[in-house]
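Each chain is listed here by its residues.
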Amino acid sequence: MYDVYCISAGQSDVKKEPNVINKKNMYLNYGLLGLASQINDENLSTIQLQGHFEEPEVFFEYCLNKGIANTRYPVFISMPSFYALSWLKVFTKLLKNKAKIKKIVLGGRWVIDGHPEKIKALLPDVDVIIDGLGDDKILSLLNREPLKYSTQVSSLNYKILDERKLYQPSLEVSRGCGMSCNFCQEGNEKLQPLKEPFVITSEVKSILLNDELINMTPYFESSMFVSNQQWLENLIAQREIYSQNYLWRTESRVDSISPKLIPYLAKAGLRVLDLGLESASHKQLTSMGKSKKPEKYLEKASSLINTAYEFGISVKINILLYAGETSQSIQETFNWLDKHRKFIKGVSIGPVIAFGWDDKKKNFMDELISNGASIYSGNQIIGVSHINLSSKIDHNKALDISRELSCEFMDAKSYYFLKSFSYFPRNYSWENFNSDVNNQPSNYSFSI
Ligand code: B12
């Protein structure tokens with residue numbers, strides 16, 4: 001039994017195909033884990049439970065077995081995306097009516113986003129709604145002295161995460177971005193410097209388990225990973241001093257990592273790099289505001305992934321099918337990927353989706369429409385607008401194209417490698433994966 005229960009909402013609605021493989025993802029809510037770690041430091045025994053893709057009724061039973069009905073403290077819930085809303089409606093009702101929880105506190109800045117009253121109307125069983133970052137507020141919700149406001153990233157206590165050995169861990173290395181994209185709340189939050197390598201080294205020591213499961217390979221989380229040679233040399237030195245040889249993954253833009261840094265990154269343990277290339281069509285890159293000089297941008301991308309390959313770093317390329325897409329722009333992206341096939345381990349491809357409350361995404365929607373898009377009317381999920389990219393490529397066609405491209409550039413083996421590096425449960429073997437894929441045919445986004 002625990003004093004405080006922190007719950008990361010599950011989801012009944014999903015972004016991608018709800019097949020057996022997609023439902024294996026264990027998306028660690030490390031924002032909540034930072035808050036739960038603070039609570040635990042107050043001498044309150046704390047547990048973080050995650051709903052994942054479990055039915056809310058089944059997960060509620062699980063929480064009851066963990067003793068949630070006996071807590072005297074508020075239950076803290078985190079809502080990572082709009083996909084969690086319908087799940088939460090059922091779950092919070094059960095908490096209130098069956099477990100008789102007095103105070104349910106809900107946070108999650110990507111959804112609440114300035115409109116707690118809308119959430120309250122949708123989730124009437126929630127008592128308190130907290131918008132924005134929670135780090136400087138969470139302790140006052142327990143009548144404790146709050147930490148002074150700081151944009152510094154938290155350190156995570158994995159001991160309080162339920163079934164922690166099954167997760168590939170995340171480590172927050174920086175916050176903020178500041179690239180000013182008008183649809184992102186981090187657009188105007190200044191990019192914070194990276195955590196010092198000695199702090200990372202000491203956190204890693206307490207996070208990594210050396211057991212019989214698939215190796216732990218942490219994700220260095222940051223909205224935009226920007227390092228320099230000095231920082232990397234320090235990390236390399238720290239790893240040598242403490243004999244750490246874990247491999248890690250991070251995400252960045254193709255134009256924020258210089259190929260010159262690749263040898264240092266490789267030596268510092270970087271093994272997988274997610275790159276938001278988004279497109280290889282000049283027109284599309286310009287209209288999505290990704291680059292003002294698309295030719296240079298693509299040259300940089302080319303040189304970066306070529307060097308990464310040379311140094312044994314696997315690159316996953318993210319592609320965003322954007323408003324105004326035509327068969328020609330898609331062909332250009334296809335040709336680029338084809339030319340770089342050897343250097344690409346996998347891809348993640350999907351059409352643009354507009355998230356958020358209507359007033360917040362209005363400018364973004366107007367921009368999409370001015371590029372030839374229209375709103376897809378088949379969507380039922382609050383806060384999630386699917387888009388017909390152009391008169392020729394509607395939302396469903398865009399999904400088909402995404403799947404075709406994904407299958408063209410990623411096979412099952414590479415998909416499994418990338419997923420098990422970061423998101424699959426650490427006991428989910430290649431054999432388990434194969435048997436699931438064979439037993440449950442679906443529109444998988446990899447070739448078999
Ligand atoms: C890292 C990331 C991930 C990671 C980690 C997710 C996680 N749950 O932590 C991974 C890769 C796993 C992921 C997965 C998904 N993600 Co994501 N992700 C992000 C990203 C890049 C950064 C999130 C972040 O800021 N983390 C840092 C922490 C510190 O912030 P935080 O989580 O918001 O937590 C703080 C506050 O919200 C608040 N808070 C949170 N919970 C609570 C609870 C209480 C009680 C209180 C008081 C406060 C509080 O305090 C926290 C600490 O300060 C964003 C945004 C972006 N720029 O693109 C997208 C984003 C949030 N993800 C998004 C989506 C759609 C998803 C997926 C549904 C995609 C999918 N493939 O299915 C899944 C859902 C996963 C899940 N159920 O958790 C969308 C959400 C859109 C929306 N508004 O609905 C975003 C905005 C990206 C986008 N535009 O497409 N994601």
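In this numbering scheme, every chain counts its residues from 1 along its sequence in written order. Under the rules for a predicted model, residues below a pLDDT of 70 receive no local features and side-chain atom pairs below 80 are neither given nor counted, while totals for whole chains, interfaces and linings still include all residues.

Looking at an unreviewed UniProt entry, the chain carries the name Radical SAM protein, with the source organism given as Colwellia psychrerythraea. Quoted verbatim from the Cofactor (unreviewed entry) field of UniProt, the annotation for the chain is "[4Fe-4S] cluster". UniProt positions are given in the numbering used here, feature names are shortened, and annotations may be inferred rather than shown by experiment.

A. Fine view of the nonpolar core. By size, the foremost hydrophobic cluster in this structure holds 110 residues, and its most contacted members are Tyr5, Val75 and Ile77. Looking at which domains feed residues into this core, each of domain 1 (4-142) and domain 2 (158-439) gives three or more. This entry defines residue contacts through backbone-placed C-beta atoms, with two residues in contact when those atoms are within 7 Å. Apart from the residues lying within four places of it in its own chain, the contact partners of Ile77 are Ile7, Ala9, Ile104, Val105 and Leu106. The nonpolar core is taken to be a set of buried Ala, Val, Leu, Ile, Met, Phe, Trp, Tyr and Cys residues joined by way of C-beta atoms within 7 Å. Whether a residue is buried, exposed or partly exposed is read from the other C-beta atoms within 10 Å of its own C-beta, which are placed from the backbone; 20 or more gives buried, 12 or fewer gives exposed, and intermediate counts give partly exposed. Source of the domain bounds: an automatic or database domain assignment.

B. Structural view of the sheet that holds strand β14 (residues 384-388). We call two strands paired when DSSP finds no fewer than two bridges between them. Secondary structure follows DSSP: runs of H or I at least 4 residues long count as helices, runs of E at least 2 residues long count as strands, and numbering of each begins at the N terminus. Spatially, three strands are ordered β12-β14-β13 in an open sheet, and the strand pairing comes out antiparallel. The sheet is open, and its two edges are formed by β12 (353-355) and β13 (374-375), each paired on a single side. Where β12 meets β14, three bridges bridge the pair, whose relative direction is antiparallel. By the bridge assignment, Phe355 is partnered in β14 with Val384. The axes are straight lines fitted to the C-alpha atoms, using for helices just the contacting stretch, and the angles between their N-to-C directions are given from 0 to 180°. Contacting β12, β13 and β14, helix α12 (residues 358-370) runs over the sheet at an angle of about 165 degrees to β12.

C. Region of the structure containing the site of the ligand. Should the C-beta atom of a residue, placed from the backbone, lie within 6 Å of a molecule or strand, that residue is near it. Near the ligand lie 36 residues; those nearest to it are Gly31, Ser78, Ser81, Gly107 and Gly134. With five residues, the single largest contributor to the shell around the ligand is helix α1 (residues 30-40). For this classification, Asp, Glu, Lys and Arg are treated as charged, while Ala, Val, Leu, Ile, Met, Phe, Trp, Tyr, Cys and Pro are nonpolar and the rest, including Gly, are polar. Partitioning the shell around the ligand into residue classes produces 18 nonpolar, twelve polar and six charged.

D. Examining the sheet that holds strand β3 (residues 75-78) more closely. One open sheet accounts for five strands, arranged β2-β1-β3-β4-β5; its pairing is parallel. Lying at the two open borders of the sheet, with one neighbouring strand each, are β2 (46-50) and β5 (128-130). Here the strands of the sheet are splayed against their neighbours by 20 degrees on average, with no regard to which way each runs. Strand direction decides the pairing type here: strand β1 (residues 4-8) and β3, joined by three bridges, are parallel. Within β3, the position partnered with Cys6 by the bridge is Phe76. Against the sheet, α1 touches β1, β2 and β3, its axis set at about 160 degrees to β2.

E. Quick look at the packing of helix α2 (residues 56-65) against helix α3 (residues 85-97). Look at α2 against α3: their axes get within 9 Å of each other, and the N-to-C directions meet at 40 degrees. Here the hand of the crossing between α2 and α3 comes out right-handed. Only Trp87, Val90, Phe91 and Leu94 of α3 make contact with α2, whose side of the interface consists of Pro56, Glu57, Phe59 and Phe60. Classifying every residue of the contact of α2 with α3 gives seven nonpolar, no polar and one charged. Two helices cross in a left-handed way if the nearer one is turned anticlockwise from the farther one by less than a right angle. They cross in a right-handed way if the turn is clockwise.

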